[in-house]
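The chain contents come next:
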Amino acid sequence: MLVSDLSAELIGTEAKANDLYDRAAGAYLGLAVGDALGATVEFMTPREIRELYGEHRNLIGGGWLGLRKGRVTDDTEMSLALGSSILAVGRVDARAIAESFSDWMRAKPVDIGHTVRRGIGLYRRSGTLEVPENEYDAGNGACMRSLPIALFTLGSPPQAVAEASRIQAHLTHHNRLADAGTFTVIQMVQAALLGGGKAHLRMQAEALVAAEEPYRFDRRRMENPGGYLVETLRAVFQALFATEGFETALVDVVNRGGDADTTGAILGMIAGALYGTGAIPRRWLNALDKTTARACTRQAVALLKASPHCAGAASVARRSAAVG
Ligand code: MN
Ligand code: MN
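In short, a report on the structure. (Residues numbered from 1 in each chain as written. Chains lettered and ligands numbered in written order. Predicted model: local features only at pLDDT ≥ 70, side-chain atom pairs only at ≥ 80, totals over all residues.)

1. Re the overall build of the chain
Along its length, the chain carries 16 helices and zero strands. Computed over the C-alpha atoms, the radius of gyration of the chain is 18 Å, within 12% of the 20 Å expected from 2.2 N^0.38 for a compact globule of 324 residues. In terms of overall dimensions, the chain has a C-alpha envelope of 65 × 50 × 40 Å along the principal axes. Each of the 324 residues in the chain was classed as buried or not, and the buried ones make up 52%. Put simply, 75% of the contacts in the chain that link residues at least 6 apart link residues at least 24 apart. (Helix = DSSP H or I, 4+ residues; strand = E, 2+ residues; numbered from the N terminus. Rg over C-alpha atoms; globule rule 2.2 N^0.38 Å. Buried ≥ 20, exposed ≤ 12 C-beta atoms within 10 Å, placed from the backbone. Contact = placed C-beta atoms within 7 Å.)

2. Some thoughts on helix α4 (residues 74-89)
If you check α4, its first and last C-alpha atoms are 22 Å apart, about what 16 residues at 1.5 Å a residue would give, namely 22 Å. α4 sits mainly inside the fold: 13 of its 16 residues count as buried. Phi for glycine 90, located one or two positions after α4, is positive at around 75°. (Expected span 1.5 Å × (residues − 1).)

3. What about the packing of helix α9 (residues 176-193) against helix α10 (residues 198-211)?
Closest axis-to-axis distance for the α9/α10 pair is 9 Å, and the angle between their directions is 165°. Put simply, α9 runs roughly antiparallel to α10. Classified by chirality, the crossing of α10 by α9 is right-handed. Contacts between α9 and α10 involve Ala180, Gly181, Thr184, Gln187, Met188, Ala191 and Ala192 from the first element and His200, Leu201, Gln204, Ala205, Leu208 and Ala211 from the second. Taken together, the residues that form the contact of α9 with α10 break down as eight nonpolar, five polar and no charged. (Axes fitted to C-alpha atoms, helices over the stretch in contact; angles between N-to-C directions. Parallel < 35°, antiparallel > 145°, perpendicular 65-115°, else oblique. Left-handed = near helix turned anticlockwise from the far one by under 90°. Nonpolar A, V, L, I, M, F, W, Y, C, P; charged D, E, K, R; others polar.)

4. With respect to the nonpolar core
Of all hydrophobic cores here, the largest spans 94 residues; its most connected members are Tyr28, Ala32, Val189, Leu267 and Ile270. When residues in this core are grouped by element, the largest group, twelve residues, is from helix α2 (residues 17-39). Among all residues touching leucine 267, those that are not within four sequence positions of it are Gly34, Val236, Ala239, Leu240, Ala249, Leu250 and Val253. (Core = buried A, V, L, I, M, F, W, Y, C linked by C-beta atoms within 7 Å.)

5. What to know about α10
Every α-helix winds through 3.6 residues per turn, so residues three or four apart in the chain are directed the same way. Taking 1.5 Å of rise per residue, 14 residues should cover 20 Å, and α10 covers 20 Å from first to last C-alpha, within 8% of that figure. For α10, the secondary structure elements touched by its buried residues are α9, α11 (229-242) and α13 (260-275).

Here it is as structure tokens:
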């Protein structure tokens, strides 16, 4: 079933607007919490994590970046940079996003991926808004920051969602396999926002596998996932579908180690949309950097409000009020 079918189905079931906004805030806070939780154990193996923490389950900072407790990394910061660009110009505009990413890089972020640095550098030198296609480089750097696209394009036709996703992704990452994985993550977030359950999300993950075989996640347990999006999403899907709540899913995925802040961020945005803010443990929300938490919540609401789904609902309400 497509997201658009689900949307049509839910119109009749009085999906409450409050639920939708709660899920959107849950997705953004989930992303940030997952990033902060995972960053502590980024680049560690599951065995190293076990030896040091038993099971890693608290926002304590540290890690190879020496983070302050509750601090997020590039996954959340680039999402916020993307989201503010969309809100500033009212659309997904490659040049505006490139400027926003460039400003972010100028502010000396705590962490920046190699492919991201290269893409932003190319834009600065030549104004390039789409890096050359690279068949070997399906990194996870565009997927980790894709949440604002999911929120802003909710209610758009799938082709428009995919195009918006490619515009932001190709500033730094241009790869067919990565595009497919990122689009699936966006579709999963959108389905969850509209009230789709885990079985629905699983069908979407399986549709990705049917189209792109490397994403198969039903084989070996994915431990120590690297920055390759195929590995990232295998770990995320395994953890998401093997658990029953936000906390257990996120603890599962970050304790697999590897690129744990990014598996945490991507799982966090999907699970946050699926389970809502109420499912995110209080101790994590309390520990999360306050400025970041406020920015995430504010953007979640603003991006959703500007989406066709919500703008459409508002105009229907206005029309019926005028008729009544
Ligand atoms: Mn990061
Ligand atoms: Mn990472």
